[in-house]
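Here are the chains, one letter per residue:
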Amino acid sequence: MKKNVVVIFGGDSSEHDVSCLSATTVIKNMDTEKYNVILVGITKEGKWLLVDSVKDIEDGSWREGEVKAFISPDTTTRSLVILAEGTYKLQKVDVIFPVLHGMNGEDGTVQGLFELSKIPYVGCGVLASAVSMDKVYTKIIVDHIGIDQAKFVHVRESDFEHLEEAMDRVEKEIPYPIFVKPSCAGSSKGVSKAENREELKAALYEAVKHDRNILCEETIVGREVECAVLGDRTQVKSTCVGEILAAQEAAFYDFDAKYNNAESKTVVDPEMPEESKAKIKEDAEAIFRAVDGFGLSRVDFFLEDSGRVVFNEINTLPGFTSISMYPMLWKACGLDIPELLDTLIDQAMTRYR
């Protein structure tokens, strides 16, 4: 019997459009002999809409839909509530596949709704999603397990009442240039690089527009590399290493360099010492376990010229577009996207047995 799989995409974060692109890849690679795929899109305004087809996602017309559909938190129904023409019906759901990036997508909020519904869902749970989305608290956890990472200072919104003192604290711990990042904004939104105190102040004001917690971080000079992780409560596996080659004019791999610059490229299994590759894989798996990861994650690092591997961040719902590193890395390991999706769905079902 086919499983009813609800693919939820869009969302109200800055990564809304990327989520739509990821969703089309996921939907087109789902085996329709195994799954009855039901599409639900969330507009930037927060409307949950039933979507007819992947074509509607590709041309953007889904946002004009009139049939509302949302997951019921009522444990006894385990259903999608569909509202149309003044009435409603319940559609039984076997598994939810969220393709939601950024805030309200991979930060534990929507995962909490899924937990309330008691419907199996793909990916990390509430805790792993929340702490991995928060750069400050991820770094605190990674510090605890002894993995190398950039020096950092946590600045809170309340520190702006005595901002000069906060900047003194940052400058005492970290040399310039300093990266300033909103702790939970996702995909490099609000990130700045400060070369001096004046730029640091401007960067802090920019970051606080996006989040009340701010990460000030040491600049690491090195190659930007990534590793894909797939795991459940019994085993964790990782892929070969991928490398990001940002467009030359990009000061760092920011949102535009990731998604809007065709000159930014990805390389699967680049040349590097075998011990560095092994260390990246080892650290990626250790961090995934430390945050209580489940299903999928992409763990990002810097590789210094000295060979030192430095942790950057973990993404619990990495991009799934045709050029995204996560599916590319698993394909290089012999796991095509349809098989990868099967594995993730099977893991989701197993977690609830």
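None of these values were measured; they are calculated from a predicted model.

Here the focus is the state of the cysteines. For the coordinates displayed, the defined rule picks out zero disulfides. With no disulfide partner, C124 has as its closest neighbouring cysteine sulfur the one in C227, 14 Å distant. On the basis of relative accessibility, which here comes to 4%, the residue C124 falls in the buried class. Considering cysteine sulfurs only, C216 is the nearest to C184, which forms no disulfide, with 15 Å between them. Judged by relative accessible area, C184 falls into the buried class, the value being 13%.

Moving on to the nonpolar core. The biggest cluster of nonpolar side chains holds 36 residues, and the ones touching the most others in it are M30, F97, F320 and I345. Secondary-structure elements contributing two or more residues to this core are β1 (3-10), α1 (16-28), β2 (35-42), β7 (95-99), β12 (223-231), β13 (236-245), α10 (325-332) and α11 (337-351). The contacts of M30, once residues within four sequence positions are left out, are V5, V7, Y35, V37, F97, L341 and I345. Counting residues in hydrophobic clusters, the runner-up holds 22 residues, among them V225, A284, F288 and V309.

Among the secondary structure elements, T234 is positioned in the loop between β12 and β13. For the pair formed by T234 and E274, sequence separation is 40 residues and the distance between their alpha carbons is 27 Å. A distance of 2.7 Å separates the side chain of T234 from the side chain of D232, its partner in a polar contact.

Here we take up a nonpolar patch on the surface. Residues F70, L83, Y88 and L90 make up a contiguous nonpolar surface patch of roughly 370 Å² in combined accessible area. Along the chain, L90 turns up in strand β6 (residues 87-92).

What follows deals with the sheet that holds strand β9 (residues 178-182). If you walk across this open sheet you meet the four strands as β8-β11-β9-β10, and the pairing is antiparallel. Of all the strands in the sheet, just β8 (152-156) and β10 (192-194) have a single pairing partner and so form its edges. In this sheet, adjacent strand axes meet at a mean angle of 25° when their direction is disregarded. Here β9 runs beside β10; their pairing, made up of three bridges, is antiparallel.

Reading the values: rules and limits
- Residues numbered from 1 in each chain as written.
- Predicted model: local features only at pLDDT ≥ 70, side-chain atom pairs only at ≥ 80, totals over all residues.
- Heavy atoms only, no water.
- Disulfide = S-S within 2.5 Å.
- Buried < 20%, exposed > 50% of the residue type's maximum accessible area, 1.4 Å probe, protein only.
- Core = buried A, V, L, I, M, F, W, Y, C linked by side-chain atoms within 4.5 Å.
- Helix = DSSP H or I, 4+ residues; strand = E, 2+ residues; numbered from the N terminus.
- Contact = heavy atoms within 4.5 Å.
- Polar contact = N/O pair within 3.5 Å; in protein donor to acceptor, adjacent residues only side chain to side chain.
- Patch = residues over 30% accessible without salt bridge, like charges linked within 9 Å, V, L, I, M, F, W, Y side chains within 5 Å.
- Areas by Shrake-Rupley, 256 points an atom, 1.4 Å probe, with all protein chains shown as cover.
- Salt bridge = Lys/Arg side-chain N within 4 Å of Asp/Glu carboxyl O.
- Pairing = 2+ DSSP bridges.
- Axes fitted to C-alpha atoms, helices over the stretch in contact; angles between N-to-C directions.

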